[in-house]
Amino acid sequence: MMRHELERRLRRAPKSVARDESFSKAIRSIPKGKVATYGQVAAAAGYPLYHRHVAQLLRRTHVGLPWQRVVGAGGEIKLRFEAGMEQRTRLVMEGVKFRGKRVDMAEHQHVFKTWDFE
DNA sequence: ATCCTGACCCAAG
DNA sequence: GCTTGGGCCAGGA
């Protein structure tokens, strides 16, 4: 590949790559039986206001990540149809309880401690 | 540069 | 419980 092409990618990539890596670490730190919202993951990773990007990352690549533990504000599952059902099933299997449509956050909210994944 | 979109969020009504 | 409007950010067309 041409040199300037590589440089171009490296110049542009670092930020989002570092960000995604932080998101991944935060997500991996959520223990079984607990959940965190997109916004909380973003903030814990050091990027408040980047909740949409957490979703974008998960949409792209969720292999190797406990993706089911990331939910919308208030414990709402944001995936639609089958995908949503799968997430709910996975959470239930991990012992997470629901109150109607949402995760019982009072019971399963994960509180991030930055030292867990820094 | 502009416009659109998204596994978002939140305050109002 | 809704629905709406606004705000937020980056990536793609």
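Just above sits the structure.
Small disclaimer: the values here were computed from a predicted structure and weren't measured.

### Brief notes about the overall build of chain A
In step 1: Counting secondary structure elements, chain A contains 5 helices and 4 strands.
In step 2: In chain A, the succession of helices and strands from N to C terminus is α-β-α-α-β-α-β-β-α.
In step 3: Here chain A holds 118 residues, and 37% of them are scored as buried.
In step 4: Pairs at least 24 apart in sequence give 62% of the contacts found in chain A among residues at least 6 apart.

### Observations concerning the protein's contact with DNA strand B
In step 1: Close contacts around DNA strand B come from 14 residues, with Y38, H51, R59, A73 and K78 the closest.
In step 2: A breakdown of the atoms of DNA strand B within 4 Å of the protein gives sugar and phosphate a share of 41%.
In step 3: Between a base oxygen of DNA strand B and a side-chain N or O atom of H51, the distance comes to 3.3 Å.
In step 4: Of all the elements in the fold, those that place two or more residues in the surface near DNA strand B are helix 2 (38–44) and helix 3 (51–60).

### Things to note about the protein's contact with DNA strand C
In step 1: Around DNA strand C lies a shell formed by S16, R19, L49, Y50, H51, R52, H53 and Q56.
In step 2: Of everything in DNA strand C that lies within 4 Å of the protein, sugar and phosphate atoms constitute 65%.
In step 3: In this structure, Y50 approaches DNA strand C through a side-chain N or O atom, which is 2.8 Å from a phosphate oxygen.
In step 4: Note that a sugar or linking oxygen of DNA strand C is positioned 3.3 Å from one of the side-chain N or O atoms of H53.
In step 5: Residue assignment for the surface near DNA strand C shows that the elements contributing at least two residues are helix 1 (3–28) and helix 3.
In step 6: Among the elements that take part in the surface near DNA strand C, helix 3 stands out by supplying 4 residues, more than any other.
In step 7: When its residues are assigned to classes, the surface near DNA strand C shows 2 nonpolar, 4 polar and 2 charged.

### Details of the environment of I27
In step 1: Within the secondary structure, I27 is located in helix 1.
In step 2: On the basis of relative accessibility, which here comes to 0%, the residue I27 falls in the buried class.
In step 3: Placed 85 residues apart in sequence, I27 and F112 show a C-alpha to C-alpha distance of 9.8 Å.
In step 4: Setting aside chain neighbours within four positions, we find I27 in contact with V41, V54, L58, L65, P66 and V70.

### Here's the deal with helix 3
In step 1: Within the span of helix 3, buried status applies to V54, L57 and L58. Taken around the axis of helix 3, the buried residues stretch over an arc of 95°, which confines them to a single face. Seen from the open side of helix 3, the exposed residues pointing more than 90 degrees away from its buried face are R52 and R59.

Rules of the game
- Residues numbered from 1 in each chain as written.
- Chains lettered and ligands numbered in written order.
- Predicted model: local features only at pLDDT ≥ 70, side-chain atom pairs only at ≥ 80, totals over all residues.
- Heavy atoms only, no water.
- Helix = DSSP H or I, 4+ residues; strand = E, 2+ residues; numbered from the N terminus.
- Buried < 20%, exposed > 50% of the residue type's maximum accessible area, 1.4 Å probe, protein only.
- Contact = heavy atoms within 4.5 Å.
- Near = heavy atom within 4 Å.
- Polar contact = N/O pair within 3.5 Å; in protein donor to acceptor, adjacent residues only side chain to side chain.
- Nonpolar A, V, L, I, M, F, W, Y, C, P; charged D, E, K, R; others polar.
- Arc of directions from axis to C-beta.

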